[in-house]
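# Breakdown of the fold
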Amino acid sequence: MDSRQGHPEPDSESPPVAASSPRSPKLKASSKLNRWSMARALRSGVKIIDRPINAPHRQATTEESDRKTSAVDGDDVAAGKSIYLVSDGTGWTAEHSVNAALGQFEDRLVNRGCSVNTHLFSWVEDEEKLLEIINQAAKQKAMCFYTLANPSMSKSAKEACDQLGVLSVDILGPIIEGIASHLGVSPSGLTRGAPGRVKTLNDAYFKRIEAIEFTIKQDDGTLPENLGKADIILVGVSRTGKTPLSTYIAQKGYKVANVPFVMGVEPPKTLFEVEPRKVFALTIQLVVLQAIRRTRAKTLGVDTEGENRYSGFDLVRKELDFASKIYEKNPGWAVIDVTNKAIEETAAVILRLYHDSSDSSTSVPCISKRF
């Protein structure tokens, strides 16, 4: 099944399309959000019986159509609630915002046996299409979340939802208004695909690609001669999360290098020649690191002797002490404790410190305190 069709799963079915039916907006599946759905047999194709989504690969049988119709007419609880996500861009903001919010209800959705069917409409840039989608949401008694940069489109969405009784949330509106008030300037109101934004988006895209390519080449201490070209350098012992953290930060457009600290191996000299504010030293609690290494060793199928050499208590302690001594000799490095922290959380701390130090005077302050 074409991924552009309105089905949360490839095996979803939709009702037969009548020849006289009008063309409806394309519905993009949101696979991440639909993991909360327990009623896997009843998807969006089951609930939308009064309009075509796209022509199916085969005609549904009479028995299947009857079963779908009865499920909707009976207001089957297992069919779940519908959530519409409408965007004038890719819909990434709407999808991930609702994804995060649904995470607060995951246990309740599972325990109560109900489901959530989400439908993502991307690149909605004309009012006619917008109103058609909201009318459809009203028929399904769905809730509507929208991210529309154009103030006129956003206003139309709110008015239509209020008029048709569709519960709606404007995700971008309050944020844009708050920033405008804080900066004292008006927003452009341009959509993602507007001509005035194309160059900016392309520049940002290529900057991210360049950063990711650089970060991959600099992983695990390779090409130490290029450390001076990095925006951010991560150092630490094995299994402190340097590689995934590097990749995550690189996706935001920063060139990241990471250097492992191994006992008996001197770090590259170029590491001590770069600006100290660029270096972020990762540390972690001993018992947590030992547990992570044990799990890693078992995953790789390492024998008992090899596991002890990699995750033995005394060895792990000595490696952490070895790294700590290097950190103490370089007070300009920020030392960050990553124990039980998500990558996103650690990345946020690093980027905040990086920008704070960039905005400060040319003299580098001592920022070796632990975070």
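Summarised in this report is the structure supplied together with it. Values in this document were obtained by computation on a predicted structure and should not be read as measured data.

## Overview of the overall build of the protein
- Secondary structure assignment for the protein yields 13 helices and nine strands.
- Within the protein, buried positions represent 42% of all 371 residues.
- Sequence-distant contacts in the protein: of pairs separated by 6 or more residues, those separated by 24 or more amount to 79%.
- On the protein, roughly 20,600 Å² of surface is accessible, and the fraction owed to carbon and sulfur atoms is 53%.

## Some points on the nonpolar core
- Of all hydrophobic cores here, the largest spans 41 residues; its most connected members are Ile232, Ile233, Val235, Ile249, Phe261, Phe280 and Trp333.
- Counting residues per element, the ones that place at least two in this core are β6 (232-236), α9 (242-250), β7 (256-260), β8 (279-283), α10 (286-300), α12 (313-328), β9 (334-337) and α13 (343-359).
- Looking at this core, the element that brings in the most residues is α13, giving six residues.
- Residues Ala142, Cys144, Leu148 and Ala160 belong to the second largest nonpolar core, which totals 17 residues.

## Thoughts on the packing of aromatic side chains
- Counting across every chain of the model gives six aromatic pairs.
- Considering the side-chain rings of Tyr84 and Phe121, the 5.2 Å spacing of their centres and the 40° angle between planes classify their relative orientation as tilted. Here Phe121 lies in strand β3 (residues 116-121) and Tyr84 lies in strand β2 (residues 81-87), a separation of 37 residues in the sequence.
- Relative to Trp333, the ring of Tyr327 lies with its centre 6.4 Å away and its plane at 65°, an arrangement referred to as edge-to-face. Of the two residues, Tyr327 and Trp333, neither departs from the other in class, the shared state being buried.
- A connected cluster of aromatic rings, assembled from ring pairs, spans Phe261, Phe272, Tyr327 and Trp333.
- Against the face of Phe214 rests Lys255, its NZ or CZ located 5.8 Å from the ring centre.
- The side chain of Arg293 reaches across the aromatic face of Tyr310, ending 5.0 Å from its centre.

## Let's talk about unusual backbone geometry
- Even without being a glycine, Leu223 presents a positive backbone phi close to 50°.
- Tracing the backbone through its elements, the reader meets Leu223 in the loop between α8 (195-217) and β6.
- Residue classification places Leu223 among the partly exposed residues on the basis of a relative accessible area of 35%.
- Positive phi, normally seen in glycine, also occurs at Arg239, with a value near 75°.
- Turning to its location among the elements, Arg239 is positioned in the loop between β6 and α9.
- The class of Arg239 is partly exposed, set by a relative accessible area of 34%.

## Some details on the pairing of β3
- Within β3, six of the six residues are buried, which leaves the element mostly enclosed by the surrounding structure.
- Across the two faces of β3 the burial is the same, with Val116, Thr118 and Leu120 and Asn117, His119 and Phe121 all buried.
- Here β2 runs beside β3; their pairing, made up of six bridges, is parallel. Along β3, the bridge assignment pairs Leu85 with Leu120.

## Quick notes on the packing of helix α5 (residues 127-140) against helix α6 (residues 151-164)
- One way to put it is that α5 packs onto α6 with a least axis distance of 10 Å and a crossing angle of 25°. Between α5 and α6, the angle falls in the class roughly parallel. The handedness of the crossing between α5 and α6 is right-handed. Contact with α5, carried on its side by Glu127, Leu130, Leu131, Ile134, Asn135 and Ala138, involves Met153, Ser156, Ala157, Ala160, Cys161 and Leu164 of α6 and no other residues of that element.
- Considered class by class, the residues forming the contact of α5 with α6 number nine nonpolar, two polar and one charged.

## Some words on the pattern of salt bridges
- For the structure on display, the rule yields seven salt bridges.
- Among the salt bridges present, the one from Arg309 reaches Glu305, with a minimum N-O distance of 3.2 Å. Taken together, the residues Arg309 and Glu305, both in helix α11 (residues 304-311) and four residues apart, mark about one turn of the helix. Side by side, Arg309 and Glu305 carry an identical accessibility label, which is exposed.
- Among the charged side chains, a salt-bridge network with shared partners connects Asp314, Arg317 and Asp321.

Calculation notes
- Residues numbered from 1 in each chain as written.
- Predicted model: local features only at pLDDT ≥ 70, side-chain atom pairs only at ≥ 80, totals over all residues.
- Heavy atoms only, no water.
- Helix = DSSP H or I, 4+ residues; strand = E, 2+ residues; numbered from the N terminus.
- Buried < 20%, exposed > 50% of the residue type's maximum accessible area, 1.4 Å probe, protein only.
- Contact = heavy atoms within 4.5 Å.
- Areas by Shrake-Rupley, 256 points an atom, 1.4 Å probe, with all protein chains shown as cover.
- Core = buried A, V, L, I, M, F, W, Y, C linked by side-chain atoms within 4.5 Å.
- Phe/Tyr/Trp six-rings, centres within 6.5 Å; stacked < 30°, edge-to-face > 60°.
- Lys NZ or Arg CZ within 6 Å of the ring centre and 35° of its normal.
- Pairing = 2+ DSSP bridges.
- Axes fitted to C-alpha atoms, helices over the stretch in contact; angles between N-to-C directions.
- Parallel < 35°, antiparallel > 145°, perpendicular 65-115°, else oblique.
- Left-handed = near helix turned anticlockwise from the far one by under 90°.
- Nonpolar A, V, L, I, M, F, W, Y, C, P; charged D, E, K, R; others polar.
- Salt bridge = Lys/Arg side-chain N within 4 Å of Asp/Glu carboxyl O.

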